[in-house]
Amino acid sequence: MKNIERVIISKALKRVDFGKEINIKGWVRTRRGNKNVSFIAINDGSTINNIQVVVDLTKFSEEELKPVTTGASVSVNGLLTQSMGQGQSVEIQATEIEIYGTADPEKYPLQKKGHTLEYLREIAHLRPRTNTFGAVFRIRHNMAMAVHSFFHERGFFYFHTPIITSSDCEGAGQMFQVTTMNLYDLKKDEFGSIDYSGDFFGSPAALTVSGQLEGELGAMALGAIYTFGPTFRAENSNTPRHLAEFWMIEPEVAFIEIAENMQLAQDFVQYCVNWALKNCIEDVEFLAKMYDNELIDRLKFVIENDFVRLTYTEGIEILLKAIENGVKFEFPVEWGVDLQSEHERYLVEQHFKKPVILTDYPKEIKSFYMKQNADGKTVRAMDVLFPKIGEIIGGSQREEDLEKLTHRAKEMNIPEKDIWWYLDTRRFGTAPHSGFGLGFERLMLFVTGMQNIRDVIPFPRTPKNATF
Ligand code: 4AD
Ligand code: MG
């Protein structure tokens, strides 16, 4: 086979130098045709669109084409030609075809279109080759680029917080332990407690649930930072919105209070959504067509409208009024309860029909580090609630007063010896500061219109499932 420089299919489809011989490589999506001509649709992952290779059967034998079946990997030399077919501008008249790898039609699991998403989860090692997952993962890459671009443009520094840690930021006891100890032969002390002195770190360690506490250390030195990394939660919630391993973006900013924090959250999400419409429109349109025909309107709506801001207390009042008017919820509503997804979605989808930022939650249902309000009952928390998703962001202004913070940590049974380093930021040069965490896969759910969080990360980790 002649050695011709390979052209990526996304680029080839835009070329107009017809008559030129080029090389493309990719995986066969379909082959059809008749006695005289064969049409091979090839995809190399660079775009949702396939390129059509036209094979003149007077130049190629049936025998040569036999292994060119769905899933096979091929290299094709051919002449770039203006296409007469509908829905494509460019095709390739094959001059030479090389097969790198066949895919036995009896065994290759991605034969036909229209597999269910549930089935595709079972073959997560192959599903990136489908149109749907190609689109989702190209968008995922783009969202990561948008995240870095947004913060870089605004002068934030990307701050790497540890993945293995000894601090439980959210204090919810959902950490995965990390140990090199022999579980068959655990040493215990005289009280029956496990002796960690011989363990790798010499003390209990776990995978992080959030980079926030270390992120605050960064913000109290560099001014404005963000983290973007994997976080882990051993919460046994088998829902379409929870993963045991998910990616979180956590900006943390010195000298800003909650109002600016809310604006930052809104600007950030709008920037990412706008990026998707600008840079991934073909993939977004494909997903809209396949799964959710209101997707693009919803994305535009979020970019064009301010998020509604109200307090938790006002939110509860609206929910109570709704109940009076006959709306039914599964979980009870009263001041003090943690809002369930059904409540959040009522506020967003039924009542305001807009993204909502709820603030000033009861301190009992929020973490120890949040700034306490003068009422003694609420803290300066903020949750951003989105249509179809519920909570997409959780954040707060942080308690900068050493005494109040120490007091609250004690009330919540967090030993001072575990957070002495965190408290030092309040001991030395403390300042107002705020931040939040955006669940990357929740953003992905919103932008792709996919329904299940397992379908927006390549290899989901959920209870009882860590295959691949
Ligand atoms: O509300 P969370 O627990 O807040 C924090 O971890 C803070 N330390 C963030 C901060 O202020 N820096 O989590 C933040 C976001 C949630 O709003 C949600 O989008 C996502 O992380 N999230 C999950 N996403 C997928 N699976 C899970 N199990 C998630 N838990 C939280
Ligand atoms: Mg939260």
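None of the values given here were measured: they were computed from a predicted structure.

## Observations regarding the overall build of the chain
Each helix and strand counted, the chain has 13 helices and 16 strands in total. C-alpha extents for the chain along the principal axes are approximately 85 × 60 × 45 Å. Counting all 468 residues of the chain, 50% fall into the buried class. Counting contacts in the chain only where the partners sit at least 6 residues apart, residues at least 24 apart contribute 67% of the total.

## Describing the packing of aromatic side chains
In the structure shown here, the tally under the stated rule is 22 aromatic pairs. With a centroid separation of 6.1 Å and an interplanar angle of 45°, the aromatic rings of Phe-459 and Phe-468 are classed as tilted. Three or more aromatic residues joined by ring pairs form one cluster here, namely Phe-150, Phe-151, Phe-156, Tyr-158, Tyr-226, Phe-268, Tyr-271, Trp-275 and Phe-436. Sitting over the ring of Tyr-361, Lys-366 keeps its end group 4.3 Å from the ring centre. Of note, Arg-426 hangs over the ring of Tyr-422, and the distance from its end group to the ring centre comes to 4.4 Å.

## Some points on the site of ligand 1
Around ligand 1, the surrounding shell holds 25 residues, and the nearest of these are Glu-170, Gln-212, Arg-233, Glu-250 and Glu-391. Gln-212 has a polar side-chain atom sitting 2.7 Å from a nitrogen atom of ligand 1. With respect to ligand 1, the side chain of Glu-391 contributes an N or O atom lying 2.6 Å from an oxygen atom. Considering ligand 1 on its own, with 630 Å² of exposed area, one finds that the protein chains cover 94% of that surface. Looking at the shell around ligand 1, the element that brings in the most residues is strand β15 (residues 390-397), giving 5 residues. Within the shell around ligand 1, the residues separate by chemical class into 9 nonpolar, 8 polar and 8 charged.

## Some points on the side chain of Arg-426
With respect to the helices, strands and loops of the structure, Arg-426 is situated in helix α12 (residues 416-427). A residue is classified by how much of its surface remains accessible, and Arg-426, at 4% relative accessible area, is buried. At 2.9 Å, the side chain of Arg-426 forms a polar contact with the side chain of Glu-216. Apart from the residues within four sequence positions on either side, Arg-426 is in contact with Glu-216, Arg-398, Glu-399, Glu-400, Asp-401, Leu-402, Leu-405 and His-433.

## So, the packing of helix α4 (residues 131-153) against helix α13 (residues 440-448)
Two numbers describe a pair of packed helices, the interaxial angle and the distance between the axes. Where α4 contacts α13, the axes come no closer than 10 Å and their chain directions differ by 120°. One finds that α4 runs oblique with respect to α13. The way α4 lies across α13 gives a crossing that is right-handed. Each of Val-136, Ile-139, Arg-140, Met-143, Ala-144 and Val-147 in α4 lies in contact with α13, whose residues at this interface are Phe-440, Glu-441, Leu-443, Met-444, Val-447 and Thr-448.

## What to know about a nonpolar patch on the surface
On the surface, a nonpolar cluster with roughly 400 Å² of combined accessible area is contributed by Ile-163, Ile-164, Phe-200 and Phe-201. Within the element layout of this structure, Phe-201 appears in the loop between β8 (177-178) and β9 (205-207).

## Focus on the pattern of salt bridges
Tallying each qualifying case throughout the model produces 23 salt bridges. Arg-427 serves as the salt-bridge partner of Asp-424, at 2.9 Å between the closest nitrogen and oxygen. Remark: Arg-427 and Asp-424 occur in helix α12; sequence separation between them is 3 residues, near one turn of the helix. You can call Asp-424 partly exposed: its relative accessible area is 22%. Judged by its relative accessible area of 36%, Arg-427 falls in the partly exposed class. Salt bridges here are not isolated pairs; linked through shared partners, they connect Glu-216, Glu-252, Arg-398 and Arg-426.

## Looking at the sheet that holds strand β7 (residues 164-165)
Taken together, 3 strands build an open sheet; the order of strands is β7-β9-β8 and the sheet is antiparallel. At either end of the open sheet lies a strand with only one pairing partner, and these are β7 and β8.

## Here we look at helix α11 (residues 402-411)
The set of residues buried in α11 consists of Leu-405, Arg-408 and Ala-409. The arc enclosing the buried residues of α11, seen along the axis, measures out at 100°, which places them on a common side. Seen from the open side of α11, the exposed residues pointing more than 90 degrees away from its buried face are Glu-403 and Lys-410. Elements that come into contact with the buried residues of α11 comprise α12. Of the residues that open α11, the one with a side-chain oxygen 3.0 Å from the backbone nitrogen of Glu-403 is Asp-401. Once α11 finishes, Asn-413 follows within two positions and takes phi at roughly 60°, a positive value.

## Topic: helix α5 (residues 212-222)
Inspection of α5 places Gln-212, Leu-213, Glu-214, Gly-215, Glu-216, Gly-218 and Ala-219 among the buried residues, and these make up the whole buried set. Structurally, α5 contributes buried residues whose contacts are with β7, β10 (224-232), β11 (245-254), α12 and β16 (433-439). Positive backbone phi, at 95°, marks Gly-223, one or two positions downstream of α5.

## Notes on the side chain of Lys-363
By secondary structure assignment, the location of Lys-363 is in the loop between β13 (356-362) and β14 (378-386). Put simply, Lys-363 is tucked away with no salt bridge, and the nearest opposite charge, on Glu-411, sits 4.7 Å away. Of note is the side chain of Lys-363, whose polar atom sits 3.2 Å from the backbone oxygen of Gly-376. Excluding anything up to four places from it in sequence, Lys-363 contacts Gly-376, Lys-377, Thr-378, Val-379 and Arg-408.

## A word on the packing of helix α7 (residues 281-291) against helix α8 (residues 295-304)
At a minimum axis separation of 8 Å, α7 and α8 run at an interaxial angle of 125°. It follows from the interaxial angle that α7 and α8 lie oblique. Residues Ile-281, Val-284, Glu-285, Leu-287 and Ala-288 of α7 pack against Leu-295, Ile-296 and Leu-299 of α8. Here the residues of the contact of α7 with α8 sort into 7 nonpolar, no polar and 1 charged.

## Looking at the sheet that holds strand β3 (residues 51-56)
With respect to topology, 5 strands assemble into a closed barrel ordered β1-β2-β3-β5-β4, the strand pairing being mixed. When strand polarity is set aside, the average angle formed by the axes of neighbouring strands in this sheet is 55°.

## Let's talk about the nonpolar core
Considering soluble globular proteins, one finds that nonpolar side chains tend to be buried as a cluster. Membership of the largest hydrophobic core comes to 68 residues, with the highest contact counts inside it found for Met-143, Val-147, Phe-268, Phe-386, Ile-393, Leu-443 and Phe-446. The element contributing the most residues to this core is α4, with 11 residues. If near-sequence neighbours (up to four positions away) are discounted, Ile-393 is found in contact with Ala-265, Val-269, Met-382, Asp-383, Val-384, Phe-436, Gly-437 and Leu-438.

Each value, and the rule that gives it
Residues numbered from 1 in each chain as written. Chains lettered and ligands numbered in written order. Predicted model: local features only at pLDDT ≥ 70, side-chain atom pairs only at ≥ 80, totals over all residues. Heavy atoms only, no water. Helix = DSSP H or I, 4+ residues; strand = E, 2+ residues; numbered from the N terminus. Buried < 20%, exposed > 50% of the residue type's maximum accessible area, 1.4 Å probe, protein only. Contact = heavy atoms within 4.5 Å. Phe/Tyr/Trp six-rings, centres within 6.5 Å; stacked < 30°, edge-to-face > 60°. Lys NZ or Arg CZ within 6 Å of the ring centre and 35° of its normal. Near = heavy atom within 4 Å. Polar contact = N/O pair within 3.5 Å; in protein donor to acceptor, adjacent residues only side chain to side chain. Areas by Shrake-Rupley, 256 points an atom, 1.4 Å probe, with all protein chains shown as cover. Nonpolar A, V, L, I, M, F, W, Y, C, P; charged D, E, K, R; others polar. Axes fitted to C-alpha atoms, helices over the stretch in contact; angles between N-to-C directions. Parallel < 35°, antiparallel > 145°, perpendicular 65-115°, else oblique. Left-handed = near helix turned anticlockwise from the far one by under 90°. Patch = residues over 30% accessible without salt bridge, like charges linked within 9 Å, V, L, I, M, F, W, Y side chains within 5 Å. Salt bridge = Lys/Arg side-chain N within 4 Å of Asp/Glu carboxyl O. Pairing = 2+ DSSP bridges. Arc of directions from axis to C-beta. Lys, Arg positive; Asp, Glu negative; His and termini not counted. Core = buried A, V, L, I, M, F, W, Y, C linked by side-chain atoms within 4.5 Å.

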